[in-house]
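One letter stands for each residue in the lines below.
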Amino acid sequence: MDDQLRNTITRFAIIFLLILSGFIGVLIKIGITQTKNKDKYQNLISKYESRNITTKAHRGNIYDCHHRLLAGSAPYYYIYMDTRTESLTKNNGKLFYDYADSLSQSLSAMFKDRTAREYQQMLVKGYKEGKRRLPLYDKRLTYLQLQEVKQMPLFNKGNYVGGLIYEEGHRRVNPFGSLASRSIGRIYGENGKGNSGLEMQYEDILAGKDGKQIRELVDGHVVAEVNEQAEDGLDIVTTLDADLQDFTENTLRHTLNRLEADWGCCILMEVKTGEIKAISNLGLTEKGYVENKNYAVTRVEPGSTFKTHALTAALDDGKFSLGDSIDTENGSWRFEGSKKPITDVHKYKHPLTVKQVLAASSNVGMAKIVTETYEKSAEKFVKKLDRMGVRDSLTFEIPGTQQSRITVPKDKETLARMAFGYYVELTPLDILMFYNAIANDGRMIQPLLVKEISENGKAVKTFSTKTLHTSICKSSTLRDIQECLEAVVWDNQYGTASINPWGSKKAQSKIVRIAGKTGTAQILQNGQYQSNQHRITFCGYFPADAPQYSCICMIQRPRKPYDAGYDCGGTVRVIAEKTMAYTACNSIEDFAGDEDMFELPEIKNGRQKDTKTATRKLDIEVEYTKTEWVKVNELCETECIEIDKNVVPNVIDMGAKDAVYAIEQTGMQAQISGRGRVVSQSISGGTKAAKGSIVYLTLR
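Summarised in this report is the structure supplied together with it. (Residues numbered from 1 in each chain as written. Predicted model: local features only at pLDDT ≥ 70, side-chain atom pairs only at ≥ 80, totals over all residues. Heavy atoms only, no water.)

### Some points on the overall build of the chain
Part 1 of the argument: A tally of helices and strands in the chain yields 21 helices and 30 strands.
Part 2 of the argument: Every one of the 700 residues in the chain was classed for burial, and the buried ones make up 47%.
Part 3 of the argument: Surface accessibility of the chain: about 35100 Å² in total, with carbon and sulfur atoms responsible for 48%. (Helix = DSSP H or I, 4+ residues; strand = E, 2+ residues; numbered from the N terminus. Buried < 20%, exposed > 50% of the residue type's maximum accessible area, 1.4 Å probe, protein only. Areas by Shrake-Rupley, 256 points an atom, 1.4 Å probe, with all protein chains shown as cover.)

### Quick notes on the nonpolar core
Part 1 of the argument: With 84 residues, the main nonpolar core has Ile276, Leu311, Ile369 and Phe381 as its most contacted residues.
Part 2 of the argument: Broken down by element, the residue count for this core peaks at 9 residues, all from helix H17 (residues 428-439).
Part 3 of the argument: Of all hydrophobic cores here, the second largest spans 30 residues; its members include Leu244, Phe247, Leu282 and Ile555. (Core = buried A, V, L, I, M, F, W, Y, C linked by side-chain atoms within 4.5 Å.)

### Some words on a nonpolar patch on the surface
Part 1 of the argument: A contiguous nonpolar surface patch, about 850 Å² in accessible area, is contributed by Phe16, Leu17, Leu20, Phe23, Ile24, Val26, Leu27, Ile28 and Ile30.
Part 2 of the argument: Mapping leucine 17 onto the fold places it in helix H1 (residues 3-35). (Patch = residues over 30% accessible without salt bridge, like charges linked within 9 Å, V, L, I, M, F, W, Y side chains within 5 Å. Salt bridge = Lys/Arg side-chain N within 4 Å of Asp/Glu carboxyl O.)

### A closer look at the environment of glutamine 229
Part 1 of the argument: Along the chain, the position of glutamine 229 falls in the loop between strand S7 (221-228) and strand S8 (235-238).
Part 2 of the argument: Looking at glutamine 229, the relative accessible area reads 58%, which means it is exposed.
Part 3 of the argument: As a C-alpha pair, glutamine 229 and lysine 212 span 17 residues in sequence and 6.6 Å in three-dimensional space.

### Here we look at helix H15 (residues 378-387)
Part 1 of the argument: Residues Ala378, Phe381, Val382, Lys384 and Leu385 constitute the buried set of H15. For H15, the arc enclosing every buried residue in end-on projection is 155°, short of the 170-degree limit, so these residues lie on one face.
Part 2 of the argument: In this structure, the buried residues of H15 make contact with helix H12 (307-316), helix H14 (363-374), strand S16 (405-406) and helix H16 (412-418).
Part 3 of the argument: One or two residues past the end of H15 sits glycine 389, with phi positive at roughly 85°. (Arc of directions from axis to C-beta. Contact = heavy atoms within 4.5 Å.)

### Some points on the sheet that holds strand S24 (residues 549-556)
Part 1 of the argument: Reading across from one edge, S11-S10-S9-S24-S23-S22 is the order of the 6 strands in this open sheet, with antiparallel pairing throughout. Both outer strands of the open sheet, strand S11 (288-290) and strand S22 (515-525), are each paired with one neighbouring strand and no more. Here the average twist between neighbouring strands, direction ignored, is 15°.
Part 2 of the argument: By the bridge criterion, 8 bridges tie strand S23 (residues 528-542) to S24 in an arrangement that is antiparallel. Residue pairing in the sheet places tyrosine 541 in a bridge with serine 550 of S24. (Pairing = 2+ DSSP bridges. Axes fitted to C-alpha atoms, helices over the stretch in contact; angles between N-to-C directions.)

### Overview of unusual backbone geometry
The general pattern is negative phi for most residues beyond glycine and trans for most peptide bonds.
Part 1 of the argument: A cis amide bond links phenylalanine 542 with the next residue in sequence, proline 543, at an omega value of -20°.
Part 2 of the argument: Located in the positive-phi region is histidine 67, a residue other than glycine, with phi close to 60°.
Part 3 of the argument: One can find histidine 67 in the loop between strand S2 (62-63) and strand S3 (69-81).
Part 4 of the argument: Backbone geometry at lysine 112 places phi at a positive 60°, although glycine is not the residue there.
Part 5 of the argument: Relative to the helices and strands, lysine 112 is located in the loop between helix H4 (94-111) and helix H5 (116-128).
Part 6 of the argument: Taking the relative accessible area as the measure of exposure, lysine 112 reaches 68% and is therefore exposed.

### Some details on the state of the cysteines
Part 1 of the argument: Applying the stated rule across the entire model yields 0 disulfides.
Part 2 of the argument: Cysteine 266 supplies the cysteine sulfur nearest to cysteine 265, a cysteine that is in no disulfide, at a spacing of 6.8 Å.
Part 3 of the argument: Under the relative-accessibility criterion, cysteine 265 is labelled buried at 0%.
Part 4 of the argument: We note that cysteine 553 lacks a disulfide partner, and the nearest cysteine sulfur, in cysteine 266, lies 3.8 Å from it. (Disulfide = S-S within 2.5 Å.)

### A closer look at the packing of aromatic side chains
Part 1 of the argument: Overall, the coordinates contain 16 aromatic pairs when judged by the stated rule.
Part 2 of the argument: Ring plane angle 80° and centroid distance 5.8 Å describe the contact between tyrosine 76 and tyrosine 78, whose orientation is recorded as edge-to-face.
Part 3 of the argument: On the basis of relative accessibility, which here comes to 6%, the residue tyrosine 76 falls in the buried class.
Part 4 of the argument: Take tyrosine 78: its relative accessible area is 26%, and that puts it in the partly exposed class. (Phe/Tyr/Trp six-rings, centres within 6.5 Å; stacked < 30°, edge-to-face > 60°.)

### With respect to the environment of glutamate 260
Part 1 of the argument: Take glutamate 260: it is sitting in the loop between helix H11 (242-259) and strand S9 (263-270).
Part 2 of the argument: Residue classification places glutamate 260 among the partly exposed positions, given a relative accessible area of 38%.
Part 3 of the argument: Here the alpha-carbon distance between glutamate 260 and leucine 284, two residues 24 residues apart in the chain, equals 8.4 Å.

### Overview of empty space enclosed by the protein
Part 1 of the argument: Here the structure, examined in full by the defined rule, presents 2 cavities of 30 Å³ or more.
Part 2 of the argument: In this model, the largest cavity occupies a volume close to 40 Å³.
Part 3 of the argument: Around the largest cavity, the lining residues are His309, Gly389, Val390, Leu426, Asp430, Met433, Phe434 and Met444.
Part 4 of the argument: Among the elements that line the lining of the largest cavity, the one with the most residues is H17, at 3 residues.
Part 5 of the argument: For the lining of the largest cavity, the class distribution of residues is 5 nonpolar, 2 polar and 1 charged.
Part 6 of the argument: Partitioning the lining of the second largest cavity into residue classes produces 6 nonpolar, 1 polar and 2 charged. (1 Å grid on protein atoms, 1.4 Å probe; cavity = no way out; pocket = protein on both sides within 12 Å on 5 of 7 lines; lining within 4 Å. Points joined across faces, edges and corners; volume = space filled by probe spheres on them. Nonpolar A, V, L, I, M, F, W, Y, C, P; charged D, E, K, R; others polar.)

See below:
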């Protein structure tokens, strides 16, 4: 073999060995990657592979009967920076370092939580560490604040260039604060499910349906493709009236503060429709009286308010009439076999008529009436209550609503004490429903809290009045009971809600005639009735001659001197007077055919889309301009309202929703008090906006 051939073979051998060594090296590297660095690279791959992302649906709103917002969702954002964005890593990070200083100054000027130098140090450190999600600010941003961040140096070049990342969330807001909060309900966390009230009852409707996105890394950028569009939740329109709710709650709170009671509840219901216009549940906490439990649908012994139920049954079965005399035994009666006497607070040596027995709330008198009517068949008494609808299962929109508990008494003593509200349990709403039937000419209707489910202002489902019983008793019995309930308030000699011994009126009003019944029940604790601890109640309706509303006030364990007629009856009286003053307007039918009596309603300033919705429903023709914020003049023409994010807007004459939205566009916060439209603002319109400041708005 010559030298040339030997050299050729040697060179090929060397090349082969080099290739073999490289191949062996690759195999070794693959082995190391698959064993030692397996978890590291799998995590890295999972970060950039295609992923299905859930996009949250916007939760529906809850409104009062006038479409005023009671609960709604407001968006918020958290911001981050992807320092590994391709444009920021090119040329040794030239783009990043060119803008790091100016971006730091902008972040510092806006958030004021760090100096510009501290922001720059944070950005540079995050960049060197290759942070994909570098937090820029640890607090929530509003939508308008996010827009301002997007205009900062570097970020104004777009997300794919500047590396800005933001995550959206939604928080539940209640513009009217704690008003009816137990009935409206709460949700778990910021994006969670309803855990009480209407938020829980209508969770599926309010929550909507989440959507899906597919996100993948394409050329160094995260690209999102919508796979399934999110379906926003529907809105709930309640029967509540925010104004009626407001003064019902305030009136109850005033009484509770004076009595230092454990809790109290008030319900105001429309007689003909069963619509709940106000429902307040206030319990004593370290923070004062707050809505902490749904007492209105919690079962309790009703006390003397149940005498109305018992007397209705006895009168309807024809055993007694209103003029019959009952010997109340000077306030103490023990029948054969009873363990202890039945006693009265008010003692009468002379006999009382049946009407006076109810007016004076005599336990002895009612016990005699019921036992004489039903002692041979206690089951007949309970069946009569059934036919009157007293034991009906109540379907109501508040989760956890308890059902009445009335069983057939086993002995005469139990039957006698059932006559005045012991050994039976009803919710305050149950009691009100029965009294409402008396006011409604005997027609018992189901209480209603939700009147409509809507989407974008258009009803998709409506709820109407549901009759449970066309008549709870004979018409003659009904007239007798109505007469008795008026005597409770207007009989100054016997009525427990008429006038107290020193001349102060209880449920009597110069403005509106009220009928109803008081109730005082000892509280059962550890199996024993506490003679010094009571639950006091007044339930009735007004005006007595043509009932429009029924109302109940129940208060648990007052610690100051109390009287059911004065405290609960007086609370209902104040609510009745305010309600009649609030609703004192002529029906539109009174002006039928007289076109001169009608004027176009005054339209609030606000966003054009809301104005369009309102005027369309009222069938008012308005000429619109291409602008977001408008006011409508007397010629039904829109005039532009300029909103400058650097200037405090003039929100006078706007509704609460639009006013708050306009203020927050400037990066400021709004706090409201009152109801109606804005009549004053703490920082005048046209003033330079100071981000983070609070503008206090007064509404009337």
